[in-house]
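# A look at the structure
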Amino acid sequence: TVKEVMTLLRQCGDSKKTIYSMYVPDRQGRLMGELELSDVISAEETDTVGSLMSAAFVSVRTDQDSESAARLMSKYDLICLPVTDEGSVLRGIVTYDDIIDDNLFKIEIKKGKRYVVGTEGAKTNLLLRVYDAVGNILYENADSGDGYECRVAFEADKTRTCYVGVCQKLKDDD
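Conventions we followed
Residues numbered from 1 in each chain as written. Predicted model: local features only at pLDDT ≥ 70, side-chain atom pairs only at ≥ 80, totals over all residues. Heavy atoms only, no water. Salt bridge = Lys/Arg side-chain N within 4 Å of Asp/Glu carboxyl O. Helix = DSSP H or I, 4+ residues; strand = E, 2+ residues; numbered from the N terminus. Buried < 20%, exposed > 50% of the residue type's maximum accessible area, 1.4 Å probe, protein only. 1 Å grid on protein atoms, 1.4 Å probe; cavity = no way out; pocket = protein on both sides within 12 Å on 5 of 7 lines; lining within 4 Å. Points joined across faces, edges and corners; volume = space filled by probe spheres on them. Nonpolar A, V, L, I, M, F, W, Y, C, P; charged D, E, K, R; others polar.

## What about the pattern of salt bridges?
For the structure on display, the rule yields 5 salt bridges. The salt bridge partner of Glu140 is Arg129, with a shortest N-O separation of 2.7 Å. Residue Glu140 is located in strand β9 (residues 137-140), and its partner Arg129 is located in strand β8 (residues 126-131); the two are separated by 11 residues in the primary sequence. The exposure class of Glu140 is partly exposed, given its relative accessible area of 41%.

## Quick notes on the layout of surface pockets
Of the volumes computed, that of the largest pocket is approximately 490 Å³. Surrounding the largest pocket, 20 residues form its lining, Leu8, Leu9, Cys12, Met22 and Tyr23 being those nearest its centre. Mapped onto the lining of the largest pocket, the elements with two or more residues apiece are α1 (2-12), β1 (21-25) and β5 (90-95). Taken together, the residues of the lining of the largest pocket break down into 13 nonpolar, 5 polar and 2 charged. Space inside the second largest pocket adds up to approximately 380 Å³. Forming the walls of the second largest pocket are 22 residues, and the residues nearest its centre are Ala70, Ser74, Tyr96, Tyr131 and Gly135. Secondary-structure elements contributing two or more residues to the lining of the second largest pocket are α4 (66-76), α5 (96-103), β8 and β11 (160-168). The residue makeup of the lining of the second largest pocket, split by class, is 13 nonpolar, 5 polar and 4 charged.

Structure follows, in structure tokens:
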């Protein structure tokens, strides 16, 4: 019930990376659904987890790399993803912060200054993106392609910390 979830959150919420999304396994540990904190807060104490959780969720498997997780998080605008094994058993979560640490590099930009970031000698169809501190895409290249350099040029609209990431362009991003 929601009352039980709230009790668990009070007991261990401070020790978790994120509590905005909670993942619900069955008795064998297989991922069944996702529960949003906002739904828990607005529900009645007697509501069941099953009535609130969504069975339509996105996950990443333990045999996928962090680039795959980054693409899913970007595509679906997520701050975390459940990680499952080949049997769909929940093994943990990966957060936006984990992805930044593994796949992005940090830059400081100043309002009014012009910047160019890029790669050289790209052999695959790459997508270069500049993100703000919470993961919103600020700028991205439109010139990627086999054998092309991957580059983004922009004038900073304000002074802030940004993150630059490069990944292979997906077919549905075309």
